[in-house]
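Topology and contacts: notes
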Amino acid sequence: MSTFKKSLLILVICLLATLSLRVFFTQNSKAKKRANHNRSVSSIIKEINQKTTPILNHVNSLIADRKFDSAIQILNETITHTRIDPRPYIILAALYAKLGDDNRAYETLEKATDADIDNNYVFREFLSRTAAQATAPDVISDERVRICTFKNNKKCAITYSFDDGFKSTYEWGLPVFDQFGYRATLNLISDRIGNNKLSGTWPQWQDAHRRGFEIGNHTMSHPVLRELPAQALENEVNKSFDIIAEKIGEPPLTFVFPFERHNFEERVVKKILERHIAIVDHKYIEPVYPHVFNPTFGGRHFSLETAKAMTDFAIQKNLWLIAQCHDVGLPLVGNYRPVSKEFLYQHLSYIKQRESEIWIDTFKNVYRYLFEKKNTEIVLKNVSTHGVAFEVKSPLDPKIFSVPLTVAINSQIENLKTARALQNGKLLEVTIDKNLIFINIEPINSTVNVEF
Ligand SMILES: [Zn+2]
């Protein structure tokens, strides 16, 4: 080897050594940074917990003294300030449930699913603390004719509502729903469509609409609506409505707030209701159906077990469970609270197993059913041992409110074999279960005759 070659070799060796040392030190400092970051996160959590613990001890003594209002106020303030401590959510939700205010209990659990905390722990603890009260509301009735709480007399309803119009929802999520024959609601931010690589395109959402998925409005650009002046609000709500109506070929019936869950203004609600029939929001739905639970589904702190526990809970308590989802992607990719394709498949497999008890449908369909039920009157006309006749009275626009209502007729005959039903002379399909006859009627002013 010549002197030149030798020096070249030494040079190469030196270069390699420097390079590997650099890689070693960079990695080392990255690991150190990560460790420092983890240490700072855990020390912050520790600090918050140390500060919260005496407050929670005080709250527990207030509860023991039955000073519930003060306890509720302190817990709500603590949640606003700490957000990431799971304990106040658990104590508050369990307290509301104990006081019989289920809706505030569910709303507290919803807030916990919005915060980046261990939701498996929160929901499990809530269930274990409220197990004794976990009885379903009584739905058995001795009325001769009644409208069932949910379509086909199911015990609960579940809606999957996907926000923000992510491409991954279309590409990965929709095929999973197809596999099970279920439909979801997809809420679009009209100005973002096709504008960045994470968003789906108009042809994709048009295709979803053709396949029976609901397309909802989620504003033009996802702002905090309560901070907007009138013209900007008009644009975000109504212009977005017009764009979706034009592109999809059908107006969006329903709307989802960006950010304002649990904290919206009447002025904004009025604006939304100029063109939409409903808002995906706990407080808005409550007057139409009083057992609603609208948690955020997804993210690294949300497991299949929790989704299953929430499903079982919905069946047990006759809830309308509205699973608020975002994209269908990989965890930790930087998107907001994704559910993975695998998660969705496994979760819907469980739903399939319990399908006889669950009505799975879009937000607009379940909402319309519940709204129609609330506004439809049944007036008995004729009752005999072998027949019932009744009038259906509804003040609603039949062009919009067209979801059939399931009506149960008590024949008072054990093990009934046959029955026949007509609405305005049109023959209806009949299902018989022991003494009960079930029919699905149009929610219109009409006369129904049932013979058995
Ligand atoms: Zn959103």
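**As for the overall build of the chain**
When helices and strands are counted, the chain shows 13 helices and 17 strands. By residue count, 37% of the 452 residues in the chain fall in the buried class. Relative to all contacts within the chain whose residues are 6 or more apart in sequence, the contacts with residues 24 or more apart total 70%.

**Some remarks on the sheet that holds strand β12 (residues 405-410)**
Taken in spatial order, the 4 strands line up as β1-β12-β16-β15 in an open sheet, and their pairing is antiparallel. Of all strands in the sheet, those with a lone pairing partner are β1 (145-147) and β15 (431-433), marking the two edges. Shown here is a sheet whose adjacent strand axes are inclined to one another by a mean of 25 degrees, direction ignored. In this sheet, strand β16 (residues 436-441) lies alongside β12 in antiparallel orientation, the contact comprising 6 bridges. Looking at the pairing, Ala408 lines up with Phe438 of β16.

**A closer look at the packing of helix α3 (residues 86-98) against helix α5 (residues 119-130)**
Close contact between α3 and α5 brings their axes to 9 Å; oriented N to C, the two are set at 30 degrees. Of the possible angle classes, the one that applies to α3 and α5 is roughly parallel. Between α3 and α5 lies a crossing whose hand is right-handed. Contact residues: Pro86, Tyr89, Ile90, Ala93, Ala94 and Ala97 in α3; Tyr121, Val122, Glu125, Phe126, Arg129 and Thr130 in α5.

**Regarding helix α11 (residues 304-317)**
A rise of 1.5 Å per residue sets the reference length of α11, with its 14 residues, at 20 Å; its end C-alpha atoms lie 20 Å apart and thus fit the reference within 8%. Buried residues of α11: Thr306, Ala307, Met310, Thr311, Phe313 and Ala314, and no others. Each buried residue of α11 lies within a common arc of 165 degrees when the element is viewed along its axis, so the set occupies one face. Close packing links the buried residues of α11 with α5, β2 (156-163), β7 (292-293), β8 (320-325) and α12 (341-353). Asn318 sits one or two residues past α11 and shows a positive phi near 50 degrees.

**A word on the sheet that holds strand β14 (residues 426-428)**
Read across the open sheet, the 5 strands follow the order β10-β11-β17-β13-β14; overall the sheet is antiparallel. Edge positions in the sheet fall to β10 (377-384) and β14, since each of these pairs with one other strand and no more. Strand-to-strand twist of the sheet, defined as the mean angle between neighbouring strand axes without regard to direction, takes the value 25 degrees.

**Focus on the nonpolar core**
When a protein is soluble and globular, its nonpolar side chains tend to lie buried together. Ranked by internal contacts, the top residues of the largest apolar core, which has 100 residues, are Leu92, Ala93, Leu109 and Leu321. A per-element tally of this core places α3 first, with 9 residues.

What counts, and where the lines are drawn
- Residues numbered from 1 in each chain as written.
- Predicted model: local features only at pLDDT ≥ 70, side-chain atom pairs only at ≥ 80, totals over all residues.
- Helix = DSSP H or I, 4+ residues; strand = E, 2+ residues; numbered from the N terminus.
- Buried ≥ 20, exposed ≤ 12 C-beta atoms within 10 Å, placed from the backbone.
- Contact = placed C-beta atoms within 7 Å.
- Pairing = 2+ DSSP bridges.
- Axes fitted to C-alpha atoms, helices over the stretch in contact; angles between N-to-C directions.
- Parallel < 35°, antiparallel > 145°, perpendicular 65-115°, else oblique.
- Left-handed = near helix turned anticlockwise from the far one by under 90°.
- Expected span 1.5 Å × (residues − 1).
- Arc of directions from axis to C-beta.
- Core = buried A, V, L, I, M, F, W, Y, C linked by C-beta atoms within 7 Å.

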